Amino acid sequence: EKGMYDHFMLKEIDEQSIALRNIIQKYQHEDGETRLDSDIRTVVQESDRVYIVAAGTSYHAGLVGKQLMEKIAHKPVEVHIASEFVYNMPLLSKKPLFVFISQSGETADSRAVLVKVKELGHRTLTITNVPGSTLSREADFTLHTFAGPEIAVASTKAYTAQMAVLTLLAVDTARVSGIELDFDPLQELGIVANAIEALCSQKDVFEEIAKTYLMTTRNTFFIGRAVDYYVALEGALKLKEISYIQAEGFAGGELKHGTIALIEEGTPVIALTTQSHVNLNIRANVQEVVARGASPIILSMEGLEQPSDTFVLPRVHEWLAPLVAVVPLQLISYYAALHRGCDVDKPRNLAKSVTVE
Ligand code: M6R
């Protein structure tokens, strides 16, 4: 039920902090540490490479998951779009583990890959919000995202929950491999939950951004570098699917290789900067588009901010920044769609689960 909300999407954006706290609680053991099922632990440990397969927003969570697995657990990961993987299979490693990420657990493109790799005898794990779904039943193992039912077509809380579970998977793998971590992941996820709550209490700021920049525009760009690029892809998908504004996510340094030709006077460019090692690089990219007339909307993380930034996000561990940085993008998309008179929860041409290939 929507309760006091006009739309499920806004309710689900607000529920993200609750979902994270749920995940922390569900995966925490008596000794305060995270422990995954020992069979899952073994299968990850035994694999020499993880292949993440997913579609849409879940694919974007997979891109962040790769970073987390490689940085935290030193495990090599490839991320594939499900519909491409089936017909264009890469050369596999000797002991691959397939990880399917799917909110619904019913996405036909992902299932086609699952069926294929099972035939080849490979091990499979599904990360889903719906245990008992097809992808969960048919895989060897399941990790539940505990986000609660997601009704709006635009995925929000499932995405942050997927990234949180991927963090725990990475942390658990690191622990088994004897890799020392210099942060407490559950505590950091708690800080993320607080940060999301703080952002959700400032919705008027993001409504104002949407009203100022996105009411009449035909196109918008989202840019970021490193993991911010992956969040930019998600921000663009969110905006286009519910507001029908042409939106593209780009790696900041790539614009000058062609796309910058599209920048005109007043084109909104939403730039994310949450990663200290590329803060100056992305700011240089913002200057490049501003010089061509773009209207920049800069979202930076506390500690990296500059006076001209549009909004400063609460500080969290840099590796977990995507979970926080996506929230303003979800809210900006929501308000853009709302004020452009779009059907926020049921955008045209889309279904909640895509059960055809
Ligand atoms: O249920 P799944 O996570 O497998 O769905 C994958 C995509 O269809 C889904 O994320 C889609 O991109 C959303 N509408 C995005 O908001």
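Keep in mind that this is a model prediction, so the values were computed, not measured.

**Observations regarding the confidence of the model for the chain**
The predicted coordinates ought not to be read in detail in places where the model reports low pLDDT. Scored by pLDDT, the chain has a mean of 96; 100% of the residues are at 70 or more. Note on the complex model: pTM 0.97, ipTM 0.99.

**Quick notes on the pairing of strand S5 (residues 141-144)**
What you see with S5 is a clean split: Phe141 and Leu143 sit on the buried side and Thr142 and His144 on the side with no burial. Bridging between strand S4 (residues 123-128) and S5 involves four bridges; their strand directions are parallel. What sits directly across from Ile127, in S5, is Leu143.

**Notes on the layout of surface pockets**
Of the voids in this model, the largest pocket is the one considered here, and its volume is about 590 Å³. Every residue lining the largest pocket is counted, 25 residues in all, and those nearest its centre are Gly56, Glu241, Leu350, Ala351 and Val354. Breaking the lining of the largest pocket down by element, the ones donating at least two residues are helix H4 (56-73), strand S3 (96-102) and helix H11 (227-243). With four residues, H11 is the single largest residue contributor to the lining of the largest pocket.

**Re the site of the ligand**
Close contacts around the ligand come from 15 residues, with Ser58, Ser102, Ser104, Thr107 and Glu241 the closest. Gln103 places a main-chain nitrogen or oxygen 2.7 Å from an oxygen atom of the ligand. One of the side-chain N or O atoms of Glu241 is found 2.3 Å from an oxygen atom in the ligand. Protein contact buries 91% of the 410 Å² of open area that the ligand shows by itself. Judged by the proximity of its atoms to the pocket grid, the ligand belongs to the largest pocket. Broken down by secondary-structure element, the contributors of at least two residues to the shell around the ligand are H4 and H11. Residue composition of the shell around the ligand, by class: five nonpolar, eight polar and two charged.

**A word on the sheet that holds strand S8 (residues 268-273)**
Across the sheet, which stays open at both edges, the five strands sit in the order S7-S6-S8-S9-S10 with parallel pairing between neighbours. Looking at the sheet topology across the chains shown, the edges are occupied by strand S7 (246-251) and strand S10 (311-313). Each strand of the sheet is rotated relative to its neighbour by a mean of 20°, with strand direction disregarded. When strand S9 (residues 295-301) meets S10, the two strands line up parallel, connected through three bridges. From the neighbouring strand, Met301 faces S10, where its bridge partner is Leu313. Docked against the sheet, H11 engages strand S6 (219-224), S7 and S8, running at close to 175° with respect to S7.

**A look at helix H2 (residues 16-27)**
Along its 12 residues, H2 runs 17 Å from first to last C-alpha, staying within 8% of the 16 Å computed at 1.5 Å per residue. Those residues of H2 that sit buried are Gln16, Ser17, Ala19, Leu20, Ile23, Ile24 and Tyr27. Angularly, the buried residues of H2 cover 160° about the axis, an arc narrow enough to put them on a single face. Set apart from the buried face of H2 by more than 90 degrees, the exposed residues are Ile18 and Gln25. Buried residues along H2 sit in contact with helix H1 (8-14), S5, helix H8 (157-176), helix H9 (185-200) and helix H13 (321-339).

**Some thoughts on the sheet that holds S5**
With parallel pairing, five strands are arranged side by side in an open sheet as S2-S1-S3-S4-S5. Edge positions in the sheet fall to strand S2 (77-81) and S5, since each has one partner strand and no second. Here the strands of the sheet are splayed against their neighbours by 20° on average, with no regard to which way each runs. Of the strand pairs in this sheet, strand S1 (residues 49-54) and S3 are connected by five bridges, and their pairing is parallel.

**Some points on the packing of helix H10 (residues 203-213) against H13**
The contact between H10 and H13 brings their axes to 8 Å, and the two run at 55°. By the criterion of interaxial angle, the relationship of H10 to H13 is oblique. Classified by chirality, the crossing of H13 by H10 is right-handed. Taking contact as the criterion, the partners of Lys203, Phe206, Glu207, Ile209, Ala210 and Lys211 in H10 are, on H13, Pro328, Leu331, Ile332, Tyr335, Ala336 and His339. A class-by-class count of the residues in the contact of H10 with H13 yields eight nonpolar, one polar and three charged.

**Quick look at the side chain of Glu234**
Structurally, the position occupied by Glu234 is in helix H11. Side-chain polar atoms of Glu234 contact the side chain of His60, separated by 2.9 Å. Beyond its immediate stretch of four places on either side in the chain, Glu234 contacts Thr57, His60, Ser155, Tyr159 and Val326.

**Regarding empty space enclosed by the protein**
According to the stated counting rule, one finds one cavity of 30 Å³ or more in the structure shown. Taken together, Val64, Gln67, Leu68, Lys71, Val227, Gln275, Glu318 and Trp319 form the lining of the largest cavity. Looking at which element gives the most residues to the lining of the largest cavity, the answer is H4, with four residues. For the lining of the largest cavity, a count of residues per class yields four nonpolar, two polar and two charged.

**A closer look at the packing of aromatic side chains**
One pass over the structure, following the stated rule, counts nine aromatic pairs. Considering the side-chain rings of Phe183 and Trp319, the 5.8 Å spacing of their centres and the 85° angle between planes classify their relative orientation as edge-to-face. Of this pair, Phe183 sits in the loop between H8 and H9 while Trp319 is found in the loop between S10 and H13, placing the two residues 136 residues apart along the sequence. Judged by its relative accessible area of 10%, Phe183 falls in the buried class. Aromatic side chains Phe206 and Phe311 sit 4.9 Å apart centroid to centroid with 65° between the ring planes, which places their arrangement in the edge-to-face category. With a gap of 105 residues between them, Phe206 in helix H10 and Phe311 in strand S10 connect regions that are remote in the sequence. Neither Phe206 nor Phe311 differs from the other in exposure class; each is buried. Taken together, the ring pairs in this structure connect Tyr51, Phe85, Phe98 and Phe100 into an aromatic cluster. Above the plane of the ring of Tyr244 lies Arg348, whose end atom (NZ or CZ) is 3.8 Å from the centre.

Parameters and conventions
- Each residue is numbered by its place in its chain's sequence as written, counting from 1.
- Where local features are concerned, this predicted model is filtered to residues with pLDDT of at least 70; where side-chain atom pairs are given and counted, the filter is 80 or more; whole-chain, interface and lining totals use all residues.
- Excluding hydrogens and water, the side-chain figures rest on all heavy atoms present in the structure.
- Confidence per residue, as judged by the predictor, is encoded in pLDDT with a range of 0 to 100.
- For each residue, the accessible area found with a 1.4 Å probe, counting protein chains only, is set against the maximum for its type, and the residue is called buried under 20%, exposed over 50%, and partly exposed in between.
- A run of H or I in DSSP becomes a helix once it reaches four residues, and a run of E becomes a strand once it reaches two; helices and strands are each numbered from the N terminus.
- A pair of strands is treated as paired once DSSP finds two or more bridges between them.
- Lining residues are defined by having an atom within 4 Å of a point belonging to a cavity or pocket. Those points lie on a 1 Å grid over the protein atoms alone, cavities being sets where a 1.4 Å probe fits but cannot get out and pockets being open sets with protein on both sides within 12 Å along at least five of seven lines.
- Grid points are joined across faces, edges and corners, and a volume is the space filled by probe spheres set on the points.
- The criterion for a residue being near a molecule or strand is simple. One of its heavy atoms has to lie within 4 Å of it.
- Here a polar contact is recorded for every N or O atom pair within 3.5 Å, except that within protein the pair must consist of a potential hydrogen donor and a potential acceptor, and residues adjacent in sequence are included only if both atoms are side-chain atoms.
- Each accessible area value is a Shrake-Rupley result obtained with a 1.4 Å probe; residue values ignore everything except the protein chains displayed when judging cover.
- Criterion for pocket placement: a molecule counts as inside a cavity or pocket if more than half of its atoms are within 2 Å of its grid points.
- Side-chain classes are defined by residue name, with Ala, Val, Leu, Ile, Met, Phe, Trp, Tyr, Cys and Pro counting as nonpolar, Asp, Glu, Lys and Arg as charged, and the others, Gly among them, as polar.
- Whenever a helix is involved, its axis is fitted only over the stretch in contact; in every case the axis is a line through C-alpha atoms, and angles between N-to-C directions fall within 0 to 180 degrees.
- In what follows, residue pairs with any heavy atoms lying within 4.5 Å of each other are defined as contacts.
- The span one expects for a helix is its residue count, reduced by one, times 1.5 Å.
- An arc is given here, and it is the one of the directions from the helix axis to the C-beta atoms.
- Oblique is the label for any angle not under 35 degrees, not over 145, and not in the 65 to 115 range, which are roughly parallel, roughly antiparallel and roughly perpendicular in turn.
- Definitions for this section: a left-handed crossing has its near helix turned counterclockwise from the far helix by less than a right angle. A right-handed crossing has that turn clockwise.
- Aromatic pairs are defined between Phe, Tyr and Trp rings, using the six-membered ring for Trp, whenever the two ring centres lie within 6.5 Å; interplanar angles under 30 degrees are classed as stacked, those over 60 as edge-to-face, and all others as tilted.
- Put simply, a charge is over a ring when the Lys NZ or the Arg CZ is close to the ring centre, within 6 Å, and near the line of the ring normal, within 35 degrees.

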